[in-house]
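# Descriptive structure summary
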Amino acid sequence: MEKDIPVLYKRIEECCGCTACVAICPKEAISMVEDEEGFEYPQIDEKKCIRCYKCLKVCPFKTE
Ligand code: SF4
Ligand code: SF4
């Protein structure tokens, strides 16, 4: 069964836009996309993502 692509944040409050996930991704599958208020949030390209979940491990909001 195919693994799900990682969910970097469910609500925007769960992301501070630090870009750590962008930096760690070995496939350059994450890019920062500006929302309507001018804040940048990471977006994962499903086709490039290999489901290694490194982005989740590095995210400062997911430390458990
Ligand atoms: S799971 Fe891996 S390949 Fe996919 S976006 Fe995260 S770091 Fe990149
Ligand atoms: S590492 Fe976490 S907090 Fe930082 S930009 Fe990525 S999703 Fe947002």
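Check the entry above for the structure.
Described below are features of the structure shown in this document. Computed from a prediction, not measured in an experiment: that's the story for all the values here.

What counts and what doesn't
Residues numbered from 1 in each chain as written. Chains lettered and ligands numbered in written order. Predicted model: local features only at pLDDT ≥ 70, side-chain atom pairs only at ≥ 80, totals over all residues. Heavy atoms only, no water. Phe/Tyr/Trp six-rings, centres within 6.5 Å; stacked < 30°, edge-to-face > 60°. Helix = DSSP H or I, 4+ residues; strand = E, 2+ residues; numbered from the N terminus. Salt bridge = Lys/Arg side-chain N within 4 Å of Asp/Glu carboxyl O. Buried < 20%, exposed > 50% of the residue type's maximum accessible area, 1.4 Å probe, protein only. Near = heavy atom within 4 Å. 1 Å grid on protein atoms, 1.4 Å probe; cavity = no way out; pocket = protein on both sides within 12 Å on 5 of 7 lines; lining within 4 Å. Sits in = over half its atoms within 2 Å of the grid points. Nonpolar A, V, L, I, M, F, W, Y, C, P; charged D, E, K, R; others polar. Core = buried A, V, L, I, M, F, W, Y, C linked by side-chain atoms within 4.5 Å. Contact = heavy atoms within 4.5 Å.

## Some words on the packing of aromatic side chains
- Following the criterion strictly, the structure yields one aromatic pair and no others.
- When the centroid spacing of 5.7 Å and the interplanar angle of 45° are considered together, the rings of Tyr 9 and Tyr 41 count as tilted. Taken together, the positions of Tyr 9 in the segment before helix H1 (20–24) and Tyr 41 in strand S2 (residues 40–44) put the pair 32 residues apart, joining distant regions of the chain.

## Description of the pattern of salt bridges
- One pass over the full model with this rule turns up two salt bridges.
- The residue Glu 13 makes a salt bridge to Arg 11 at a minimum N-O spacing of 3.8 Å.
- A relative accessible area of 54% places Glu 13 in the exposed class.
- Arg 11 sits in the partly exposed class, given a relative accessible area of 48%.

## A look at the site of ligand 1
- The immediate surroundings of ligand 1 are formed by Pro 6, Cys 25, Pro 26, Ile 30, Ile 44, Cys 49, Ile 50, Arg 51, Cys 52, Tyr 53, Lys 54 and Cys 55.
- Of all the cavities here, the one that holds ligand 1 is the second largest cavity.
- For the shell around ligand 1, a count of residues per class yields ten nonpolar, no polar and two charged.

## Quick word on the nonpolar core
- Formed by Leu 8, Cys 21, Cys 25, Ala 29, Ile 30, Ile 44, Cys 49 and Cys 55, the largest nonpolar core amounts to eight residues.
- For Ile 44, the residues in contact, after removing those within four places along its chain, are Ile 5, Pro 6, Leu 8, Ala 29, Ile 30 and Cys 49.

## Notes on the environment of Cys 25
- Note that Cys 25 resides in the loop between H1 and strand S1 (30–34).
- According to the relative accessible area criterion, Cys 25 is buried, its value standing at 14%.
- Put simply, Cys 25 and Ile 44 are 19 residues apart on the chain and 9.9 Å apart in space, counted from C-alpha to C-alpha.

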